[in-house]
Amino acid sequence: MVVNLPRGAVPIPDHALRSLTTQPVPPRPGPGMILARFLEGLADHWESLESTPTERLGSAVVDLSVAFLMSLAEAHGLLSPHPRRSELLQEIKAFITQNLGEPHLSPQQIAAEHHISVRYLHLLFHHDKRTVRGFLQEQRLEHCRADLTDPFHPGRTVGVIRARWGFRDDAVFGRAFKKAYGISPGEYRKRHFQAP
């Protein structure tokens, strides 16, 4: 079975791709096995899939193929740190930090703002060992935590603070804060201002 991928969809240098694409999919568990099973399923049930939008299936094949090739390239030591990649990641993180208050900030918007695909955005954060949404939430929570203990604004409500940093819902914010800091936002503020 042969898969043809658009070159622009695969963020792997040419030299690494050349050495990877001539190898069969390894039979061990991992992204290669998932890709192989998915392709076998497509081949076995192709006639019954005629009414299914093929763009979605094609997109799934591209995503699984890229995940497989990236894992293979990393395992073979074919990917070296790319200076432009780390600069771009820092740029993106700065953009996210500057726009934390925008409640609808999403990976799609962030990718569009930097003229890259959402897939490549996720890949950049994968190399940083985190997710886009994880980084966004971590930054929002940290800014909320700092505001809760700001001595210049002790009267600012928890609701105002969470909205200021892009959280739209009290319950979602409360759960996320408690998970990150082990205590509710209100209790955190209360303890801080009671401390000697």
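For the structure, check the block above.
Residues numbered from 1 in each chain as written. Predicted model: local features only at pLDDT ≥ 70, side-chain atom pairs only at ≥ 80, totals over all residues. Heavy atoms only, no water.

A. Representation of the overall build of the protein chain within the structure. When you go through the protein chain residue by residue, the secondary structure sums to 10 helices and zero strands. Ordered by position in the sequence, the α and β elements of the protein chain form the string α-α-α-α-α-α-α-α-α-α. Going through the 196 residues of the protein chain one by one, you find that 35% of them count as buried. The contacts of the protein chain with a sequence gap of at least 6 include a subset with a gap of at least 24, amounting to 65%. Roughly 12,200 Å² of accessible area belongs to the protein chain as shown, and the carbon and sulfur atoms make up 56% of that amount. (Helix = DSSP H or I, 4+ residues; strand = E, 2+ residues; numbered from the N terminus. Buried < 20%, exposed > 50% of the residue type's maximum accessible area, 1.4 Å probe, protein only. Contact = heavy atoms within 4.5 Å. Areas by Shrake-Rupley, 256 points an atom, 1.4 Å probe, with all protein chains shown as cover.)

B. Here's a closer look at the environment of P103. Structurally, the position occupied by P103 is in the loop between α4 (83-98) and α5 (107-113). Considered as a pair, P103 and A163 are 60 residues apart in the sequence and their alpha carbons are 7.9 Å apart. Residues in contact with P103, not counting those within four places in the same chain, are R140, G166 and R168.

C. How the structure looks around the packing of aromatic side chains. Under the defined criterion, the tally for this structure stands at six aromatic pairs. Aromatic rings pair up to connect F167, F173, F177, Y181 and Y188 into one cluster. (Phe/Tyr/Trp six-rings, centres within 6.5 Å; stacked < 30°, edge-to-face > 60°.)

D. Just the side chain of R189, in detail. Mapped onto the fold, R189 is located in helix α10 (residues 185-194). Although R189 lies buried, it forms no salt bridge, and the closest oppositely charged side chain, D147, sits 7.8 Å away as judged by the N-O distance. In contact with R189, other than residues within four places in its own chain, are D147, L148, H153, P154, R156, T157, V158 and I161. (Lys, Arg positive; Asp, Glu negative; His and termini not counted. Salt bridge = Lys/Arg side-chain N within 4 Å of Asp/Glu carboxyl O.)

E. Layout of the nonpolar core. By size, the foremost hydrophobic cluster in this structure holds 27 residues, and its most contacted members are I92, I96, I110, I116, L121, F125 and F177. For this core, the secondary-structure elements that each account for two or more residues are α4, α5, α6 (118-127), α7 (132-148) and α9 (170-181). Ranked by the residues each element gives to this core, the list is headed by α7, at six residues. With sequence-adjacent residues up to four places away left out, I96 is seen in contact with L105, I110, F125, F135 and L136. One finds I12, L17, L72 and L123 within the second-largest nonpolar core, a separate group that totals 19 residues. (Core = buried A, V, L, I, M, F, W, Y, C linked by side-chain atoms within 4.5 Å.)

F. Region of the structure containing the pattern of salt bridges. Per the counting criterion, the structure on display carries eight salt bridges. Residues D128 and K93 are paired through a salt bridge, measuring 2.7 Å at the closest nitrogen-oxygen approach. Of the two residues, D128 is situated in the loop between α6 and α7 and K93 in helix α4; the sequence distance between them amounts to 35 residues. Residue D128 is classed as partly exposed on the basis of its relative accessible area, which comes to 25%. A relative accessible area of 12% means that K93 is categorised as buried. Its salt-bridge partner being E138, residue R130 comes within 3.2 Å of it at the nearest N-O pair.

G. A look at unusual backbone geometry. Positive phi values are uncommon outside glycine, yet H115 reaches one of about 55°. Within the fold, H115 resides in the loop between α5 and α6. You will see that K129, though not glycine, has its phi angle at about 60°, which is positive. Structurally, K129 is set in the loop between α6 and α7.

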